[in-house]
Amino acid sequence: METPPWRDRIRAEDELLEQLDAQAEQARRRRAEALKEGADNLGSVYAVAKDQHLSWTAVANAIKKYTTA
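Worth saying up front: this structure is predicted, and the values here are computed from it rather than measured.

A. Up close: the overall build of the protein chain. Broken down by element type, the protein chain carries 3 helices and 0 strands. Reading the secondary structure of the protein chain in the N-to-C direction produces α-α-α. A compact globule built from 69 residues should have a C-alpha radius of gyration of about 11 Å, whereas the protein chain, at 18 Å, is more than 25% larger. Each of the three principal axes of the protein chain carries a C-alpha extent, and together these read 60 × 25 × 15 Å. The buried share of the protein chain, taken over its 69 residues, is 16%.

Written as structure tokens, this is what we have:
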């Protein structure tokens, strides 16, 4: 089996990286929605952060960044 030319391999890897970036972005948005739901359920961003062993600023920033248009 012959290895594809380097240009084709670069193109294929670039396409894969674009797909992975898109999937990661979708995962960040779903995670932020879950964090927001948790804040609604527990009553505060701080409570979610404590429950998940995260900083409250990380939780607040994720919600702000990924759940607002």
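After that view of the structure, there is still more to cover.
B. A look at the nonpolar core. Leu35, Ala39, Val48, Ala49, Val59, Ala62 and Ile63 together form the largest nonpolar core, which totals 7 residues. Mapped by element, the contributors of at least two residues to this core are α1 (6-42), α2 (45-52) and α3 (56-67). Examining the composition of this core, we find that 3 residues originate from one element, α3, more than from any other. Every residue in contact with valine 48, bar those within four places of it in the chain, is listed here: Leu35, Gly38, Ala39, Leu42 and Val59.

Rules used in this analysis
What you see as residue numbers is a count from 1 along each chain, following the sequence as written. The model is predicted, so local features are restricted to residues of pLDDT at least 70 and side-chain atom pairs to those at 80 or more, both for listing and for counting; the totals for chains, interfaces and linings are taken over all residues. Think of the side-chain values as coming from all heavy atoms in the structure, minus any hydrogens and water. Every helix listed is a DSSP run of H or I at least four residues long, and every strand listed is a run of E at least two residues long, numbered separately from the N terminus. Between the two quantities, the radius of gyration covers C-alpha atoms and the globule rule is 2.2 Å times the number of residues to the power 0.38. Accessible area is worked out with a 1.4 Å probe on protein chains only. A residue is then buried under 20% of its type maximum, exposed over 50%, and partly exposed in between. By nonpolar core is meant a set of buried Ala, Val, Leu, Ile, Met, Phe, Trp, Tyr and Cys residues that side-chain atoms within 4.5 Å join together. By definition in these notes, contact holds between two residues if any of their heavy atoms fall within 4.5 Å.

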